[in-house]
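Summary of the model geometry
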Amino acid sequence: MDSIKIPLIISSAVAVHVALSPPHAPPKNEVIVYWGVSLAEIALIVTRITDPKTLPSVIQNTISPVLPRIQDVPITRPFIIGSALVATAGYLRWSCFRTLGRFFTFELTTRKGHQLVTTGPYSIVRHPSYSAAVLQYIGVVILHGSATSWIRQSGVLDLPGVKLVLLGWLLERTITVTSLLRRINQEDEVVKSMFGDEWQRWAKVVRYRLIPGIY
């Protein structure tokens, strides 16, 4: 059963990597932290289902002092829900990157030949990239912050420095997602000033900013 977790763990790590690695920019440090946590859990699973003596000696020497302190955690409902949300958000974010192409930026800037994109996910809500960021944030919190999560149940938080690194990662994600939500109005005004009537027509059809039928 533990081995079934491996592809799900990898899928969530890939989704976070994609979501935090937009075009024209290198991956962020948060990606490294998330991959570190994911690979650590995968390594634990592998050592549980294989004979550690078959692993290279350098790996044996690295994990042998830590392994007895870390426990396995079975697949739980929060794990499945969180993984699904993270993967879905990663796909949505990738769709936004693909739809906007060279026009995607983190800054509120314009590029030569800039066009108003109203297709793909932008035909559903006006800020689908932000929707994906919020959805993935919620998924990560469920996946790794629930009472039955591997991080909270395995004992890994008791290792030196781990809790501080993860708290820093969570704080950074919280600040980032909050700042994205705060600049929605500003971005609407910038795009509206650029495209005028074209934006007005689009906004009448795509009325919601983040969540269809709600906001």
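The notes below deal with the structure included here. (Residues numbered from 1 in each chain as written. Predicted model: local features only at pLDDT ≥ 70, side-chain atom pairs only at ≥ 80, totals over all residues. Heavy atoms only, no water.)

1. Focus on the overall build of the chain
- Secondary structure assignment for the chain yields 9 helices and 0 strands.
- Counting helices and strands in the order they occur from the N terminus, the chain gives α-α-α-α-α-α-α-α-α.
- In the chain, which comprises 215 residues, the proportion classed as buried is 39%.
- A separation threshold of at least 6 residues defines the contact pool for the chain, and within that pool the share at least 24 residues apart is 73%.
- Approximately 12,100 Å² of the chain is accessible, and the part contributed by carbon and sulfur atoms is 63%. (Helix = DSSP H or I, 4+ residues; strand = E, 2+ residues; numbered from the N terminus. Buried < 20%, exposed > 50% of the residue type's maximum accessible area, 1.4 Å probe, protein only. Contact = heavy atoms within 4.5 Å. Areas by Shrake-Rupley, 256 points an atom, 1.4 Å probe, with all protein chains shown as cover.)

2. Re helix 2 (residues 29–49)
- The terminal C-alpha atoms of helix 2 lie 31 Å apart, and with 21 residues this matches the ideal 30 Å at 1.5 Å per residue to within 8%.
- Burial in helix 2 covers these residues: E30, V31, Y34, V37, S38, E41, I42, L44, I45 and T47. (Expected span 1.5 Å × (residues − 1).)

3. Quick notes on a nonpolar patch on the surface
- Residues I211, I214 and Y215 make up a contiguous nonpolar surface patch of about 310 Å² in total accessible area.
- Structurally, Y215 is set in the segment after helix 9 (197–205).
- Classification of Y215 as partly exposed rests on a relative accessible area of 39%. (Patch = residues over 30% accessible without salt bridge, like charges linked within 9 Å, V, L, I, M, F, W, Y side chains within 5 Å. Salt bridge = Lys/Arg side-chain N within 4 Å of Asp/Glu carboxyl O.)

4. A short note on the packing of aromatic side chains
- Following the criterion strictly, the structure yields 2 aromatic pairs and no others.
- Pairing Y34 with W169 gives two aromatic rings, centres 5.9 Å apart and planes at 40 degrees, and the pair type is tilted. With Y34 in helix 2 and W169 in helix 7 (residues 162–182), this residue pair connects regions lying 135 residues apart in the sequence.
- The class for Y34 is buried, based on a relative accessible area of 4%.
- Relative to W94, the ring of Y91 lies with its centre 5.8 Å away and its plane at 35 degrees, an arrangement referred to as tilted. Of this pair, Y91 and W94 both sit in helix 4 (residues 77–100), 3 residues apart, roughly one helical turn. (Phe/Tyr/Trp six-rings, centres within 6.5 Å; stacked < 30°, edge-to-face > 60°.)

5. Considering the pattern of salt bridges
- Applying the stated criterion across every chain yields a total of 5 salt bridges.
- The partner of R209 in a salt bridge is D188, and the shortest N-O contact between them spans 3.5 Å. Placement of the pair is R209 in the segment after helix 9 and D188 in helix 8 (residues 184–195), with a sequence separation of 21 residues.
- When its relative accessible area of 5% is taken as the criterion, D188 is described as buried.
- It is possible to trace a salt-bridge network through shared partners that takes in R126, D188 and R209.

6. Structural notes on helix 5 (residues 128–145)
- The end-to-end C-alpha distance of helix 5 is 25 Å, a good match for the 26 Å that 18 residues give at a rise of 1.5 Å each.
- Among all positions of helix 5, only P128, S129, Y130, S131, A132, A133, Q136, G139, V140, L143 and H144 are buried.

7. Side note on the nonpolar core
- In this structure, I9, V16, Y34, V86 and V140 are the most contacted members of the largest nonpolar core, which totals 15 residues.
- Listing elements by their share of this core, those giving two or more residues are helix 1 (2–19), helix 2, helix 4 and helix 5.
- With sequence-adjacent residues up to four places away left out, V140 is seen in contact with V16, Y34, V86, G145 and W169.
- Grouped together as the second largest cluster of nonpolar side chains are 11 residues, L100, W199, A203 and V206 included. (Core = buried A, V, L, I, M, F, W, Y, C linked by side-chain atoms within 4.5 Å.)

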